[in-house]
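# Structure at a glance
So the chains spell out like this:
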Amino acid sequence: MDQHKQMHKYSELERAIEREKAVEPDPFAGTRILQRLESRLNARRSISQPAWRPVLISVLFLAAMTAGFFVGNQGKIRKAAYTDMATQIEILRTGFYVNDFVDEDINLLSNE
Amino acid sequence: MTEQELIRGLTSGNREAVKSLVETYQKKVIKTAYYYLGDMEEAEDTAQEVFLEIIRSAGKFRGSSALSTWIYRITVNRSLNAAKKKKRRQIFVRMEKMLGMAKATEMATTGELLHENGEVSGEESFAWLRAALAGLPENQRKVFIMSKYDEMSYREISEVTGFSISAIESLIHRAKMNLLKKFSSHGPTQTNA
């Protein structure tokens, strides 16, 4: 390619480049980009909770259930112990041949 | 908002900082992406990805270069990646063309839409020019666009790319020669100026 022709070609190329450079973005492009950015950032924030939070909630729930079982069991043990004691008292009373009706006879207490 | 305030705001997720970032840099980012991609819609999508990366990486910005230089570097890298993906899509279009299934508009993006007499009309010369630029080696394209489209000085190009001034001169010269070769082989008469 001779130099003159090359220069002519390059001028045409530069003219095409200048036309491309003159292309302007849509005036609302910035608004659209900002809206899409905000929705993506908000979606990220709602997903990205700390990993330890659900673990902590599960552990606390399990701990509450375990505590509940424990308290419930303690109640059962005490009730069983009470029942056991009541039975022993009955046995002792039977051994003393103490009559319930006698308990209620107020004359027993009278010195007459 | 100063650069430091902007970076601090972006790091802490401040909405006003995001808004300021987009308002200040959106035109430059979109236009730069457009020079690589040749399509305004794709340039907008790429610009969105650029801003997202800036927001995510704001905490890593150390201030060793100007904020605008850092943003520009991210824009160029993202645009080049998007252009590579686009090129891969165009390969599929070429394959479809071989099978007789490609549409004319798709052929235009590969720079093959020419009139029968080899002349290129004004609008189509955009497509031709984009295809010619896309056909350049990556470094030549990068440096040529920075110099001719973004009107950056050789020193500024050197700061962004890390190339020496002499390497930049050489790349621009080679890019010009390659573009002129493509211009000649496509039959260069312009019908609409």
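Everything quoted here is computed from the prediction, not taken from an experiment.

What chain A contains, in helices and strands, is four helices and zero strands. Taking all 112 residues of chain A together, the buried fraction comes to 5%.

Next up on the list: the overall build of chain B. Within chain B, the secondary structure is distributed over nine helices and zero strands. Traced from its N-terminal end to its C-terminal end, chain B shows the element sequence α-α-α-α-α-α-α-α-α. Counting only contacts in chain B whose residues sit at least 6 apart along the sequence, the fraction spanning at least 24 positions is 55%.

As a further point, take the interface of chain B and chain A. With 28 residues of chain B at the contact, the number on the chain A side is 21 residues. Taken together, the elements giving at least two residues each to the side of chain B that touches chain A come down to α2 (15-37), α3 (40-57), α6 (122-134), α7 (138-149) and α9 (165-185) of chain B. For the side of chain B that touches chain A, the element with the most residues is α2(B), which contributes nine residues. Looking at side-chain class alone, the side of chain B that touches chain A contains 16 nonpolar, five polar and seven charged residues.

A few words on α3(B). In a regular helix each residue adds 1.5 Å, so 18 residues correspond to 26 Å; α3(B) covers 25 Å between its end C-alpha atoms and thus fits that length. Along α3(B), the positions that sit buried rather than exposed are B:Ala43, B:Glu44, B:Thr46, B:Ala47, B:Gln48, B:Val50, B:Phe51, B:Ile54 and B:Ile55.

Membership of the largest hydrophobic core comes to 48 residues, with the highest contact counts inside it found for B:Leu10, B:Leu21, B:Ala33, B:Ala47 and B:Phe51. In terms of residue count, α2(B) provides more of this core than any other element does, 12 residues in total.

With that settled, consider unusual backbone geometry. One non-glycine residue, B:Glu151, adopts positive backbone phi at about 55 degrees. Looking at the element boundaries, B:Glu151 is found in the loop between α7 and α8 (154-161).

Between two packed helices, both the angle of their axes relative to each other and the distance between the axes serve to describe the pair. Residue and element names in this part refer to chain B. At their nearest, the axes of α7 and α8 sit 10 Å apart, and the two run at 140 degrees to each other. Accordingly, the angle class assigned to the pair α7 and α8 is oblique. By crossing handedness, the relation of α7 to α8 is classed as right-handed. From α7, Lys 142, Val 143, Met 146 and Ser 147 reach across to α8, where they touch Ile 157, Val 160 and Thr 161. Across the contact of α7 with α8, the residue classes break down as four nonpolar, two polar and one charged.

Residues and elements named next belong to chain B. Relative orientation of the contacting elements α2 and α3 amounts to 135 degrees, with a least axis distance of 8 Å. The orientation of α2 with respect to α3, classified from their angle, is oblique. Crossing geometry of α2 relative to α3 is assigned as right-handed. Residues Val 18, Leu 21, Val 22, Gln 26, Val 29, Ile 30, Ala 33, Tyr 34 and Leu 37 of α2 form the contact with α3, whose participating residues are Met 40, Glu 42, Ala 43, Glu 44, Thr 46, Ala 47, Val 50, Phe 51, Ile 54 and Ile 55. Partitioned by chemical class, the residues of the contact of α2 with α3 number 15 nonpolar, two polar and two charged.

With that settled, the discussion passes to the environment of B:Gly135. Its location among the elements puts B:Gly135 in the loop between α6 and α7. With 43 residues separating them along the chain, B:Gly135 and B:Asn178 place their C-alpha atoms 9.1 Å apart.

Glancing now at the confidence of the model for chain A. For chain A, per-residue confidence averages 79 on the pLDDT scale, and 79% of positions sit at 70 or higher. Mean pLDDT values over the elements of chain A span from 57, in helix α4 (residues 100-104) of chain A, up to 86, in helix α1 (residues 3-21) of chain A.

The next point concerns the confidence of the model for chain B. Residues and elements named next belong to chain B. Mean pLDDT for chain B: 83, with 82% of residues reaching 70 or above. Here helix α5 (residues 104-109) stands out as the least confident element of chain B, with mean pLDDT 47; α7 is the most confident, with 95. Counted against residues more than four places away or in other chains, residues 104-122, with its pLDDT under 50, gives 35 contacts. This prediction of the complex comes with two scores: 0.67 for pTM and 0.71 for ipTM.

Thresholds applied
Residues numbered from 1 in each chain as written. Chains lettered and ligands numbered in written order. Predicted model: local features only at pLDDT ≥ 70, side-chain atom pairs only at ≥ 80, totals over all residues. Helix = DSSP H or I, 4+ residues; strand = E, 2+ residues; numbered from the N terminus. Buried ≥ 20, exposed ≤ 12 C-beta atoms within 10 Å, placed from the backbone. Contact = placed C-beta atoms within 7 Å. Nonpolar A, V, L, I, M, F, W, Y, C, P; charged D, E, K, R; others polar. Expected span 1.5 Å × (residues − 1). Core = buried A, V, L, I, M, F, W, Y, C linked by C-beta atoms within 7 Å. Axes fitted to C-alpha atoms, helices over the stretch in contact; angles between N-to-C directions. Parallel < 35°, antiparallel > 145°, perpendicular 65-115°, else oblique. Left-handed = near helix turned anticlockwise from the far one by under 90°. pLDDT = per-residue confidence, 0-100.

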